Amino acid sequence: MMDMIRIKNLHKYFGDLEVLRGIDLTVEESEVVCLIGSSGSGKSTLLRCINFLEKKNEGEIYIDGKLVLEKEINQVRQKVGMVFQRFNLFPHMTVIQNVMEGPITVKKMDKKEAQILAMDLLEKVNLVDKAEEYPAMLSGGQQQRVAIARSLAMEPKVILFDEPTSALDPELVGEVLSVMNDLAKEGRTMIIVTHEMGFAKEVADRVIFINEGQIAEEGPPEEIFDHPKDERLQNFLGQIL
Ligand code: ADP
Ligand code: MG
C-alpha cells in the first residue's frame, strides 16, 4: 500500500498557544480515517494544515509521496479536496456552475467537458434534478452534497471533511453520510472529523483520538469504541455516547 499522506512532527501555534503538539500521521491510499476529540483539541487545525489553509510552524507534510514546499500550495490544493461544516457554495452560481467552476478556472477544462463531468458527479450525489437551482433553494443536506460533488470535480487524491454533518438538521444527516459511505466504498482516501460515532464505526478503517493537539490513541474502530485504553478517550466517549 502506498502512503497518500505522511505527516511528521507537525507543530502549529496561534500566538503562544501550541495547538498541534507534534502530530505524526500516515494515511494510506484508499484508507478512511476518522478524527475524533473534544472541541478545541486541534482537529480542524490539523486538516487546515494538511491543506495549507493554515501555515504550520514545524514539521513535514508529504502528499502522494512528495514533500510539499510552501511555494507549491496551489498544486496541493488540487490534490487535497476539503468539505467544510458550512457548505461555502457560491451563492450567485447555480448548482452545476458551482461544480464546473474549479475544473474550468483551475484545470482549464473546456466548458462542454466540465458540464459532462459535473452532471456525472451530480448523479453520483443524487442531485441531477437540482442542477439549475441556486444554492439558497436547497436544503442543507442537498447543499452539502453539492459541496462534495464540487470537491470531487477537482479529482483530488484525498478528501478532508471537517464535521460535514454538524450544521445539518438531524433528518438531513443520513443523506450526506450515505454519499460519504459510497465514496469510502469506491476506495477514496478520506480524513473525516466527525461526531457521528455510528458512522465512524461503520466506515472508518482507523479512528484517531486527538487530545490537546496530540494523538492520544488510535486504532481500528472496534478497539477505539469498545475497548478504549486512554482514560481521556474513555471520558470523551462517556460524554458523547
Ligand atoms: P477543533 O476543530 O478540534 O475544535 P480547532 O483546531 O478549531 O479545534 O482549534 C484548536 C485551538 O486553536 C482552539 O483553542 C482554538 O481556539 C484555537 N484556534 C483555532 N483557530 C485559531 C485562529 N485562527 N486563531 C487563534 N486561535 C485559533
Ligand atoms: Mg473543528
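It should be emphasised that the depicted structure is a prediction, and the values quoted were computed from it without experimental measurement.

### Quick look at the layout of surface pockets
Approximately 490 Å³ is the volume found for the largest pocket. Looking at the largest pocket, it is lined by 21 residues, and the ones nearest its centre are Arg 77, Met 82, Arg 150, Ser 151 and Met 154. For the lining of the largest pocket, the secondary-structure elements that each account for two or more residues are helix H2 (73-79), strand S6 (80-83), helix H3 (95-105) and helix H5 (140-152). Grouping the constituent residues of the lining of the largest pocket by class yields ten nonpolar, eight polar and three charged.

### What about the UniProt feature "domain: ABC transporter" (unreviewed entry) in the chain?
On the UniProt side, "domain: ABC transporter" (unreviewed entry) is annotated at positions that read residues 5-237 here. The straight-line gap between the two end C-alpha atoms of residues 5-237 is 27 Å; of that span, 38% is helix and 26% is strand.

### Structural notes on the pairing of strand S3 (residues 32-36)
Taken across its five residues, S3 has five buried, putting it largely inside the fold. Residues Val 32, Cys 34 and Ile 36 line one face of S3 and the alternating positions Val 33 and Leu 35 line the opposite face, and both faces are buried. Looking at chain direction, S3 and strand S8 (residues 189-193) are connected through four bridges and run parallel. When the bridges of S8 are listed, Cys 34 appears paired with Ile 192. Pairing analysis gives four bridges linking S3 to strand S9 (residues 206-211), with the strands arranged parallel. Considered in S9, the bridge of Ile 36 is made with Phe 209.

### Looking at the packing of aromatic side chains
As enumerated under the stated definition, the model contains one aromatic pair in all. Ring centres 5.6 Å apart and planes at 35° place the aromatic pair Phe 209 and Phe 236 in the tilted group. Of this pair, Phe 209 sits in strand S9 while Phe 236 sits in helix H9 (residues 231-240), and the two are 27 residues apart along the sequence. For the residue pair Phe 209 and Phe 236, the accessibility class agrees, reading buried in each case. The positively charged end of Arg 6 is found above the aromatic ring belonging to Tyr 62, 4.5 Å away from the centroid. One cation-aromatic arrangement involves Arg 150 over Phe 90; the distance from NZ or CZ to the ring centre is 5.3 Å.

### A word on the environment of Ser 39
Residue position: Ser 39 is located in the loop between S3 and helix H1 (43-50). Through-space distance from the C-alpha of Ser 39 to that of Ile 215 is 14 Å; in sequence the pair is 176 residues apart.

Conventions and cut-offs
- Residues numbered from 1 in each chain as written.
- Chains lettered and ligands numbered in written order.
- Predicted model: local features only at pLDDT ≥ 70, side-chain atom pairs only at ≥ 80, totals over all residues.
- Heavy atoms only, no water.
- 1 Å grid on protein atoms, 1.4 Å probe; cavity = no way out; pocket = protein on both sides within 12 Å on 5 of 7 lines; lining within 4 Å.
- Points joined across faces, edges and corners; volume = space filled by probe spheres on them.
- Helix = DSSP H or I, 4+ residues; strand = E, 2+ residues; numbered from the N terminus.
- Nonpolar A, V, L, I, M, F, W, Y, C, P; charged D, E, K, R; others polar.
- UniProt positions renumbered as here; feature names shortened; annotations may be inferred.
- Buried < 20%, exposed > 50% of the residue type's maximum accessible area, 1.4 Å probe, protein only.
- Pairing = 2+ DSSP bridges.
- Phe/Tyr/Trp six-rings, centres within 6.5 Å; stacked < 30°, edge-to-face > 60°.
- Lys NZ or Arg CZ within 6 Å of the ring centre and 35° of its normal.

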